[in-house]
Amino acid sequence: MIDERGASWKVLLPSKPEATLLALGLNLGQLVSLARSWSRVDHDFYNHREVQSAVPKRLLSRLTLLDISDAAYKGKIYDVIVLGILRTFDLSTIKKLFYDNLSDHGVMVFTGDPNCKLSSLILKKNDVVLKKYAVLPPDSPRIIFPLSGRVLRRKGLLFHQPGSWRGQLGVLACTWLSSLGWVSHLEKNAVSLVYKDIDHMGYSLRNWLSARSGKQFEELILYCGSDTDRRKITALAIAESKEDLVVKIADSFLGKKAIIQEGLALQALSGMGKRGLCLPELILEDEWAGYFIQVQTSVPKKSKSQTRQLTRQHIDFLAELARIGRQSLVFSETSCCKEIVYLFSQRENDIPGVLRRIVSKILSSTFQKCTVICHRTHGDFAPWNIHVGRKKISIWDWEDSLDDGLVYTDIFHFIIRQAILVGPWPGVN
C-alpha cells in the first residue's frame, strides 16, 4: 500500500481542486495524495512505469509526466509549485520558477532539507509571505505544526503522543528545546509555504472554518493518521477564543465513510452525560475543496500521558457504553461476523493454521445461528485514544465505533493493542 501521509500538508494550501500544480522531486506517495486533491498534476517522477502500475486508474489521468531536460514547464503558469527532497534545486532555478511559473495568487511549497533553507532566500517583495511547519518524525510524518510561537509549537508536539518510549522521549526533548526557543532541530525537515500575495490566501480551510463556525482561527495543527484505505487527516484548529476545534478531513471514499461512521457514533453518545466523562461533540459535517469535513469539539487533555493499565474508570465507562443500543442479534447478522467473513476470504492463505481452525469454527453454520448480545462499542479502545485524570476519563476517535459491537471486544482491543504495539501488557489496576 502506498503511504500518502507525506503530503498531508496539502490541506494547508488555499487552492481549489481545479488549480494547476507542478510537482518536482516528490515520491510516489506524495504524488498520489496530490492527485486525489488536484485534477491536474504535472510531475517528473523518474519511474513512470511504477506510477502506471501503482496509482489507482481513476487518478492516472490527473498525472502528466514532464520531460524536465527539455524544460517542459517553460511558459506554463501554475497555482501551486511543490519542490520535493529527491533532488536539490539551486537558488536561480527556484527564483525562476517562483517569478516566471507561479501565478500571482500562487503558493510554492518546499519540503524537506536542504530545499527549505532556500525558501527564505526568495523573499524579495514586501507582499511575499513565508509560513514554516515542522514535520515529525521526518521519515514517516505523523505531526505537522507551525514553527512560529512557543504555544503553537507545544500544542503541536502534544497533539499526538507516540506509543514507543523512544518516540515519547524524542517528543519530550523537542518540547523542552522548543520551550527554550531552540527550533533548529525542527527546521531541518520543515515544510515551507511561500505565498506571492497574502491577499490571495483567503480560500483556505482555516478561513472556511472561521466562516462556518463564527470563530476566528489562527492556525492548524495536523495529525497525518494511518496509511490504510480509511485514512484521514485530523486537524486541531487553534481558535483565538481558546476554544479549539478538532477537524476530520477525508479525501477518499473510505476515509469519508469512516468519518461519517464517527459522526453517527457521536450522535448516539450525545445523551451520555455521565459525571466525570468527557466526549467530543459533533458540530458540523460538510465539504470543502473536494474534502469531506467533520468538525468536533476538542476534548480537553491536561496531560498526554497514556494509561497503560485498565483502571476502574475504564471499566465503569465501558459498562455505561454497553447500555447504548443494547440488542440481541443472530451472530451472522452482526458487523463483526461480516468483517471476519470478508477478511477470511481475502487473506485465508496468510492466516496461520491455528487461527484458521478457530475462524472456521466461528464461521460454522451452528455458531453463526447463535444469538448474541450487542451494543455500542468504541472500536479502537486503545491507550492513545483515552486520557484518565483523577476524576475524569476522556475518550476520542470514534470512527471504528459500531452500534452492534460484541461484548468485551473493547477490553480485548485495549489489551492486545497495548501488548503488541506498545508492550508489555502491565495487567489490570
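Residues numbered from 1 in each chain as written. Predicted model: local features only at pLDDT ≥ 70, side-chain atom pairs only at ≥ 80, totals over all residues. Heavy atoms only, no water.

Visitor: Can you help me understand the sheet that holds strand 18 (residues 393–395) in this one?
Guide: Strands belonging to one sheet form pairs held by backbone hydrogen bonds; the direction of such a pair is parallel or antiparallel. Spatially, 12-18-17 is the arrangement adopted by the 3 strands of the open sheet, whose pairing is mixed. The two strands at the open ends of the sheet, each matched to only one other strand, are strand 12 (277–278) and strand 17 (386–388). Sheet analysis places strand 12 next to strand 18, joined by 2 bridges and oriented parallel. Counted as the bridge partner of Leu277 is Ile393 from strand 18. Across the sheet, helix 11 (residues 312–321) touches strand 12, strand 17 and strand 18, and the angle it forms with strand 18 is around 60 degrees. (Pairing = 2+ DSSP bridges. Helix = DSSP H or I, 4+ residues; strand = E, 2+ residues; numbered from the N terminus. Contact = heavy atoms within 4.5 Å. Axes fitted to C-alpha atoms, helices over the stretch in contact; angles between N-to-C directions.)

Visitor: For this particular structure, what's the right way to read a nonpolar patch on the surface?
Guide: Taken together, the side chains of Trp165, Leu169 and Leu172 make up a nonpolar region of the molecular surface, amounting to roughly 370 Å² of accessible area. Within the element layout of this structure, Leu172 appears in helix 7 (residues 165–179). (Patch = residues over 30% accessible without salt bridge, like charges linked within 9 Å, V, L, I, M, F, W, Y side chains within 5 Å. Areas by Shrake-Rupley, 256 points an atom, 1.4 Å probe, with all protein chains shown as cover. Salt bridge = Lys/Arg side-chain N within 4 Å of Asp/Glu carboxyl O.)

Visitor: Help me understand the nonpolar core in this model?
Guide: Nonpolar side chains in soluble globular proteins tend to end up buried together. Formed by 52 residues in total, the largest nonpolar core has its most connected members in Trp9, Leu34, Trp38, Leu193, Leu209, Ile249 and Ile293. Those residues in contact with Leu34 that lie beyond four places of it in its chain are Ala7, Trp9, Lys10, Leu21, Ala23, Leu26 and Val41. Of all hydrophobic cores here, the second largest spans 18 residues; its members include Leu269, Leu310, Phe381 and Ile393. (Core = buried A, V, L, I, M, F, W, Y, C linked by side-chain atoms within 4.5 Å. Buried < 20%, exposed > 50% of the residue type's maximum accessible area, 1.4 Å probe, protein only.)

Visitor: Please explain the environment of Ile259 as it appears in this structure.
Guide: Mapped onto the elements of the fold, Ile259 is located in helix 10 (residues 253–268). As for Ile259 and Asp397, which are separated by 138 residues in sequence, their C-alpha atoms are 9.6 Å apart. Those residues in contact with Ile259 that sit more than four places away from it in its chain are Lys232, Lys248, Ile249, Ala250, Glu285, Phe292 and Gln294.

Visitor: In this structure, what is going on with helix 10? I would like to understand it.
Guide: In an α-helix, one turn spans 3.6 residues; hence positions three or four apart end up facing the same way. Over its 16 residues, helix 10 extends 23 Å from the first C-alpha to the last, a length consistent with the 22 Å expected when each residue adds 1.5 Å. Among the residues making up helix 10, those that are buried are Gly255, Ala258, Ile259, Gln261, Glu262, Gly263, Ala265 and Leu266. (Expected span 1.5 Å × (residues − 1).)

Visitor: What am I meant to see in the packing of aromatic side chains here?
Guide: Each aromatic ring pair is summarised here by two numbers: the centre-to-centre distance and the angle between the ring planes. A full pass over the atoms with the stated rule returns 9 aromatic pairs. Residues Trp288 and Tyr291 carry aromatic rings whose centres are separated by 5.6 Å and whose planes lie at 15 degrees to one another, so their mutual orientation is stacked. Here Trp288 matches Tyr291 in class, with each residue buried. Their ring planes at 90 degrees and their centres at 5.2 Å tell us that Phe331 and Phe367 sit as a pair that is edge-to-face. Here Phe331 is found in the loop between strand 15 (327–330) and helix 12 (335–347), whereas its partner Phe367 is found in helix 14 (residues 365–368), with 36 residues between them in sequence. (Phe/Tyr/Trp six-rings, centres within 6.5 Å; stacked < 30°, edge-to-face > 60°.)

Visitor: I'm lost on the sheet that holds strand 19 (residues 402–406) in this one. Help?
Guide: Taken together, the 3 strands give an open sheet; going across it, the order is 15-16-19, and neighbouring strands pair in antiparallel fashion. On the outer flanks of this sheet lie strand 15 and strand 19, each paired with one strand and no other. In this sheet, neighbouring strand axes are inclined to one another by 55 degrees on average, regardless of whether the strands run parallel or antiparallel. Two strands pair when backbone bridges link them, and strand 15 and strand 16 (residues 371–377) are joined in this way by 4 bridges, in the antiparallel orientation. Opposite Val330, over in strand 16, you have Thr371 as the bridge partner.

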